[in-house]
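What follows is the residue order along each chain.
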Amino acid sequence: MALSSLLLSGSAMATSAQAQTLCVFDLSGASGDYFAFMKDYALAAQKWSVMIDLKAYNKEEKAISK
């Protein structure tokens, strides 16, 4: 639930002129199921004129430090 709120609030601040970067933690990295879900979300966000760049991290420490 908190993740959905975070994503929606981040999307609301984005404009079509600038892309927002989302760090995605998935143990399998860019080939994981959660990252695939987030790619679908980023694609859906394009319908709202929001561009999202996804960055995959398979180590939580790296995701937090970014």
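The structure presented is a predicted model; accordingly, all values stated were derived computationally and were not measured.

(A) Layout of the pairing of strand E2 (residues 51-57). Sheet topology places strand E1 (residues 19-25) next to E2; seven bridges connect them, and they run parallel. Residue pairing for E2: threonine 21 is matched across the bridge by aspartate 53. Handedness of the β-α-β unit built from E1, helix H2 (residues 33-45) and E2 comes out right-handed.

(B) Layout of unusual backbone geometry. For serine 49, which is not glycine, the phi torsion reads 65 degrees and is therefore positive. When you line up the elements, serine 49 lands in the loop between H2 and E2.

(C) Structural view of the packing of aromatic side chains. This model, assessed by the stated rule, comprises two aromatic pairs. Ring geometry for tyrosine 41 versus tryptophan 48: centroids 6.1 Å apart, planes at 70 degrees, classification edge-to-face. Classification of tyrosine 41 by relative accessible area gives buried; the value is 14%. A relative accessible area of 49% places tryptophan 48 in the partly exposed class.

Cut-offs and rules
Every chain begins its residue count from 1, and numbering advances along the sequence as written. Note on the predicted model: pLDDT of at least 70 is required for a residue's local features to be given, and 80 or more for side-chain atom pairs to be given and counted; whole-chain, interface and lining totals, by contrast, use all residues. To obtain the side-chain values, all non-hydrogen atoms of the structure were included, while hydrogens and water were left out. Think of it this way: DSSP has to see at least two bridges between two strands before they count as a pair. In this text, helices come from DSSP runs of H or I with a minimum length of four residues, and strands from runs of E with a minimum of two, each type numbered from the N-terminal end. Orient the strands so they point away from the viewer; a crossover is then right-handed if the path from the first strand over the helix to the second runs clockwise. Between 30 and 60 degrees the pair is tilted, below 30 it is stacked and above 60 it is edge-to-face, where a pair is any two Phe, Tyr or Trp rings, Trp via its six-membered ring, whose centres lie within 6.5 Å. Per-residue accessibility, obtained with a 1.4 Å probe over protein chains only, is compared with the maximum for each type, and a residue is labelled buried under 20%, exposed over 50%, and partly exposed between these values.

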